[in-house]
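The lines below spell out each chain.
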Amino acid sequence: MTTSADAIIDPYAASRETTEGRVFSVTGGDWDSLVTEIGATKEERVVVNMGPQHPSTHGVLRLVLELEGETVTELRAGVGYLHTGIEKNAEFRSWTQGVTFVTRMDYLAPIFNEAAYCLGVEKLLGITDDVSERASVIRVLMMEFNRISSHMVALGTGALELGALSPMIFCFREREKVLDVFEMISGLRMNMAYIRPGGVAQDLPPNALSKIRETVKVLRRDFKDNEKLLIGNTIWMKRTEGVGYLDLAGCTTLGVTGPVLRATGMPWDLRKLQPYSGYENYSFDVVTADTCDVYGRFLIRMGELEQSLRIIEQCVDRLEKLEGQPVMVADKKIAWPSQLALGGDGLGNSLDHIREIMGTSMEALIHHFKLVTEGFRVPAGQVYEAVESPRGEVGVHLVSDGGTRPYRLHFREPSFNNLQSTSAMCEGSLIADVVAAVASIDPVMGGVDR
Amino acid sequence: MSGLFGSSGSGDTSGFGGLVRATVSSGSSERPYGGYFDEVVDDLERAYPDFAEAIEKVVVYRGELTLHVKREKLLEVALILRDKLLFEMSLGVNGVHYPEEVGRELHAVLHLLSMTHNRRIRLEISISESDPHLPSLVEVWAGSNWNERETFDMFGIIFDGHPGLTRILMPDDWRGHPQRKDYPLGGIPVEYKGATVPPPSQRRSYR
């Protein structure tokens with residue numbers, strides 16, 4: 001026993017008295033002295049500050065937990081640590097530049113942010129029907145690949161946080177293949193800014209379709225490894241079944257969408273119910289579960305992988321037939337003038353285009369300069385456009401005052417709304433289940449804080 | 001007029017002669033609104049006797065329905081929309097700042113979703129900067145909680161009856177509401193290891 005006078009100072013577990021009670025700061029290492037000290041106090045109730053820097057909080061999420069023993073009696077989530085002011089910044093850039101901003105919100109599902117934003121801009125411009133079929137099919141292809149890569153992180157890190165290390169290795173192996181496809185098509189693996197108002201940045205490179213077909217084949221084979229590891233795994237099911245319960249009424253009142261909502265048995269998928277980019281022309285199933293728990297959400301994500309592959313195969317078949325169609329609207333007052341090309345060092349202006357505007361046509365140069373520096377004007381008004389991202393409904397509210405830049409841009413981020421439900425899911429459960437519940441929501445803090 | 005943090009000027013940063021555009025608020029749309037919009041408005045008129053008084057105007061634009069609601073009636077309208085017209089889900093509230101519209105500078109915009117009927121509508125409420133109060137809708141849709149905190153944080157709209165209206169994205173001791181138009185794009189100096197990095201507003205001309 002040590003008294004306060006001769007207490008050994010443990011650099012990893014210092015403590016001090018405050019008006020709210022004794023505060024312990026733990027930073028890692030051996031927690032034996034902390035356990036001894038807490039055990040000596042008569043107080044049963046402990047408030048634990050988990051995060052914002054914590055390996056299992058899925059990014060910079062802070063959870064304030066009130067514990068009695070191992071039971072969580074109250075949970076409050078603190079966000080805002082990754083706020084970057086993207087919405088404010090976008091008000092100072094042209095409509096096309098906005099794409100590079102919004103793609104960085106939910107950084108695991110960048111294509112969905114771009115798609116929602118561009119569909120919104122096109123709705124304001126009134127050119128929704130002018131977007132070529134080839135551009136729409138490429139958008140769908142990219143979105144479904146992105147859904148796979150996002151679910152791979154959700155499953156991999158979710159399993160990692162519950163102590164299953166191998167699934168993460170397999171998931172990132174698969175994700176890598178999807179990112180290779182992104183790199184081949186857009187030049188970038190993340191934050192591609194590939195979808196632009198009016199179409200996409202550039203057409204698919206030669207031989208892309210055969211490479212995509214190969215990737216789909218490999219992915220379908222390799223997904224089985226994860227299924228074998230987790231589906232029906234006793235430890236996995238004990239950690240996830242009946243954990244993080246949230247039923248349909250809870251989801252609707254809290255505005256929760258995506259796999260969490262579909263795990264209540266509600267087949268709510270905007271791709272089916274409010275189709276955009278031609279989703280009504282693809283055959284796929286909406287995966288649901290009726291368990292309202294973490295295991296159900298996990299099964300939904302696993303099932304959606306196969307559905308995404310089905311859609312990608314249909315996209316490839318269509319793209320073969322649409323060879324040669326433009327990927328940008330014909331209106332030269334809106335279409336981005338640069339002709340981009342993939343070079344050895346990434347995406348850049350094509351030399352042919354530069355030769356044309358610098359050497360042969362002054363009008364083309366003026367046009368290029370005006371559109372690139374000032375941008376196009378968008379009629380005044382407001383629209384809301386929503387797409388089904390891997391996490392739920394990502395909606396964009398765009399207000400234009402008729403100028404070349406957004407008057408107001410707001411993202412209704414699924415992570416932000418879904419994260420509110422952690423309190424409802426976790427209060428009354430064990431502290432270990434909090435980690436499972438948060439992982440099943442799959443929040444991306446870049447999207448939450450924007 | 002100088003805005004928050006002493007900002008002045010038009011807010012135009014494109015470098016094209018400081019063009020200033022006046023924001024135009026659209027007038028009321030005329031019937032038929034098209035699609036399911038007529039049905040929604042008719043249902044609301046039937047279910048809510050004070051309709052004419054509460055709804056300032058009905059706007060249909062780009063295939064979307066916007067109901068402009070008076071602040072005093074917002075809570076009643078929200079309850080009827082949820083219970084009678086089955087708009088079960090609120091997709092959150094969001095603000096827009098129109099400094100030119102004197103007396104109704106702050107707009108709160110709500111997007112509602114009816115999962116039963118697969119319909120969407122938008123509510124818009126205009127209030128003044130000097131009296132930025134709105135009734136909180138957390139009682140109606142619990143999910144409005146964080147969205148209202150964000151709107152308070154970014155626009156300074158005070159939601160009366162909110163269970164804990166604090167800042168959510170900006171630090172608790174932050175001054176000003178960043179998404180207002182008179183708030184400059186900029187930042188605060190960041191100190192790291194003794195050196196100070198000036199905010200972007202002082203590195204490049206954003207003012």
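Residues numbered from 1 in each chain as written. Chains lettered and ligands numbered in written order. Predicted model: local features only at pLDDT ≥ 70, side-chain atom pairs only at ≥ 80, totals over all residues. Heavy atoms only, no water.

**Focus: the overall build of chain A**
Of regular secondary structure, chain A possesses 18 helices and twelve strands. Here chain A has a C-alpha radius of gyration of 25 Å; the compact-globule value for 450 residues is 22 Å, and the two agree. Each principal axis of the C-alpha distribution contributes one length, and for chain A these read about 90 × 45 × 45 Å. A burial count over chain A gives 58% of its 450 residues as buried. Sequence separation of 24 or more characterises 68% of the internal contacts of chain A that already satisfy a separation of 6 or more. By element, 56% of the accessible surface of chain A is carried by carbon and sulfur atoms, the whole surface being about 18400 Å². Computing the positive centroid from 45 side-chain charges and the negative centroid from 60, chain A places the two 4 Å apart. (Helix = DSSP H or I, 4+ residues; strand = E, 2+ residues; numbered from the N terminus. Rg over C-alpha atoms; globule rule 2.2 N^0.38 Å. Buried < 20%, exposed > 50% of the residue type's maximum accessible area, 1.4 Å probe, protein only. Contact = heavy atoms within 4.5 Å. Areas by Shrake-Rupley, 256 points an atom, 1.4 Å probe, with all protein chains shown as cover. Lys, Arg positive; Asp, Glu negative; His and termini not counted. Charge placed at Lys NZ, Arg CZ, Asp CG, Glu CD.)

**Some points on the overall build of chain B**
The helix and strand inventory of chain B stands at five helices and nine strands. For chain B, the succession of helices and strands along the chain, N to C, is α-α-β-β-α-β-β-β-β-α-β-β-β-α. Here chain B holds 207 residues, and 49% of them are scored as buried. Long-range contacts, defined here as pairs at least 24 residues apart, represent 50% of the contacts in chain B between residues at least 6 apart. Accessible area of chain B: about 10000 Å², with a carbon and sulfur share of 51%.

**Description of the interface of chain A and chain B**
By a frequent convention, interface size equals the accessible area lost on bringing the separate parts together. Counting from both sides, the interface comprises 56 residues of chain A and, opposite them, 53 residues of chain B. Taken together, the two surfaces of chain A and chain B that pack against each other cover about 4500 Å², and 52% of this comes from carbon and sulfur. Counting the surface chain A buries against chain B, the share from its top three residues, Lys88, Gln382 and Tyr407 of chain A, is 15%. On inspection of chain A and its partner chain B, the count reaches four salt bridges. Taking the shortest distance from any N to any O, the salt bridge between Glu91 of chain A and Lys181 of chain B comes out at 3.1 Å. Joining chain A to chain B, the criterion identifies 25 residue pairs in polar contact (both at pLDDT 80 or more). Considering each element in turn, the side of chain A that touches chain B owes the most residues, five residues, to strand S10 (residues 381-389) of chain A. Of the residues assigned to the side of chain A that touches chain B, the class counts are 23 nonpolar, 19 polar and 14 charged. (Buried area = accessible area lost by both parts, 1.4 Å probe. Salt bridge = Lys/Arg side-chain N within 4 Å of Asp/Glu carboxyl O. Polar contact = N/O pair within 3.5 Å; in protein donor to acceptor, adjacent residues only side chain to side chain. Nonpolar A, V, L, I, M, F, W, Y, C, P; charged D, E, K, R; others polar.)

**Some thoughts on the domain arrangement of chain A**
Residue and element names in this part refer to chain A. As far as domains go, chain A holds domain 1 (13-78) and domain 2 (86-334 + 376-449). Here domain 1 and domain 2 have C-alpha centroids that lie 35 Å from each other. The partner domain 2 presents 18 residues to the 18 residues of domain 1 that form the contact. Across the interface of domain 1 and domain 2, roughly 1500 Å² is buried in total on both sides, 66% from carbon and sulfur atoms. (Domains from an automatic or database assignment.)

**Describing the sheet that holds strand S3 (residues 89-97) of chain B**
Two orientations exist for strands paired in a sheet by backbone hydrogen bonds: parallel and antiparallel. Residues and elements named next belong to chain B. Pairing in this open sheet of five strands is mixed, and the strands run S1-S2-S5-S4-S3 from one edge to the other. Since the sheet does not close on itself, it has two edges, and those belong to strand S1 (55-61) and S3, each with one partner. When strand polarity is set aside, the average angle formed by the axes of neighbouring strands in this sheet is 20°. Where S3 and strand S4 (residues 106-114) come together, seven bridges link them in antiparallel fashion. Counted as the bridge partner of Asn94 is Val109 from S4. Its contacts with the sheet place helix H1 (residues 37-47) against S1, strand S2 (64-69) and strand S5 (119-127), and it is angled at close to 25° to S2. Here helix H3 (residues 74-83) sits on the sheet in contact with S2, S4 and S5, set at roughly 175° to S5. (Pairing = 2+ DSSP bridges. Axes fitted to C-alpha atoms, helices over the stretch in contact; angles between N-to-C directions.)

**Considering the side chain of Gln382 of chain A**
Within the secondary structure layout, Gln382 of chain A lies in strand S10. Assessed through its relative accessible area of 11%, Gln382 of chain A is described here as buried. At 2.6 Å, the side chain of Gln382 of chain A forms a polar contact with the side chain of Glu124 of chain B. If we ignore the near neighbours within four places in the chain, the residues touching Gln382 of chain A are Leu124, His397, Leu398 and Val399 of chain A together with Tyr61, Glu64, Thr66, Val109, Arg122 and Glu124 of chain B.

**Points about the confidence of the model for chain A**
With 95% of its residues at a pLDDT of 70 or more, chain A shows a mean pLDDT of 86. Below pLDDT 50 for its whole length, residues 1-7 of chain A participates in two contacts with residues either more than four positions away or in separate chains. (pLDDT = per-residue confidence, 0-100.)

**Quick look at the nonpolar core**
The biggest cluster of nonpolar side chains holds 168 residues, and the ones touching the most others in it are Tyr117, Phe145, Tyr194 and Ile212 of chain A together with Leu67 of chain B. With twelve residues, the top contributor of residues to this core is helix H5 (residues 133-161) of chain A. Here this core spans two domains, since at least three of its residues come from each of domain 1 (13-78) and domain 2 (86-334 + 376-449) of chain A. Non-local contacts of Tyr117 of chain A, meaning those with residues more than four positions away in its chain, are made with Ser94, Trp95, Gly98, Val99, Val102, Val396, Leu398, Pro406, Leu409 and Phe411 of chain A. (Core = buried A, V, L, I, M, F, W, Y, C linked by side-chain atoms within 4.5 Å.)

**With respect to the packing of H5 of chain A against helix H7 (residues 208-230) of chain A**
Residues and elements named next belong to chain A. The N-to-C vectors of H5 and H7 enclose an angle of 25°; their axes lie 13 Å apart at closest approach. Taken together, H5 and H7 sit at an angle that is classed as roughly parallel. Seen along the crossing, H5 lies across H7 with a hand that is left-handed. Contacts from Leu141, Phe145, Ile148, Met152 and Ala159 of H5 reach H7 at Ile212, Thr215, Val216, Leu219, Phe223, Asn226 and Leu230. Partitioning the contact of H5 with H7 into residue classes produces ten nonpolar, two polar and no charged. (Parallel < 35°, antiparallel > 145°, perpendicular 65-115°, else oblique. Left-handed = near helix turned anticlockwise from the far one by under 90°.)

**Observations concerning the pattern of salt bridges**
All chains considered together, the criterion is met by 47 salt bridges over all chains. With a shortest N-O distance of 2.5 Å, Asp442 of chain A and Arg391 of chain A are connected by a salt bridge. One end of the pair, Asp442 of chain A, is in the loop between helix H17 (431-441) and helix H18 (445-449); the other, Arg391 of chain A, is in the loop between S10 and strand S11 (392-400), with 51 residues separating them in the sequence. With its nearest N and O atoms 3.5 Å apart, the salt bridge here joins Arg31 of chain B to Glu45 of chain B. One end of the pair, Arg31 of chain B, is in the segment before H1; the other, Glu45 of chain B, is in helix H1, with 14 residues separating them in the sequence.

**Section: the pairing of S5 of chain B**
All names here are of chain B. Counted residue by residue, S5 has nine buried out of nine residues, so it is predominantly covered. The side-chain alternation of S5 yields two buried faces, one formed by Arg119, Ile121, Leu123, Ile125 and Ile127 and the other by Arg120, Arg122, Glu124 and Ser126. Sheet topology places S4 next to S5; nine bridges connect them, and they run antiparallel. Note on S5: the bridge partner recorded for Val109 is Glu124.

**Here's the deal with the environment of Gly176 of chain B**
For Gly176 of chain B, the location among the structural elements is in the loop between strand S7 (158-160) and strand S8 (190-192). By relative accessible area, which is 18% here, Gly176 of chain B ends up buried.

**Topic: the pairing of S2 of chain B**
Residues and elements named next belong to chain B. Here S2 lies mainly inside the structure; six of its six residues are buried. Taking every second residue as pointing to the same face, both faces of S2 are buried, with Glu64, Thr66 and His68 on one and Leu65, Leu67 and Val69 on the other. Across six bridges, S1 lies against S2 in antiparallel orientation. Opposite Ile55, over in S2, you have Val69 as the bridge partner. Hairpin connection between S1 and S2: a loop of two residues separates the two successive antiparallel strands, and Arg62 in this loop has a positive phi of roughly 50°. Direction of pairing for S2 relative to S5: parallel, over a ladder of three bridges. Looking at the pairing, Thr66 lines up with Arg122 of S5.

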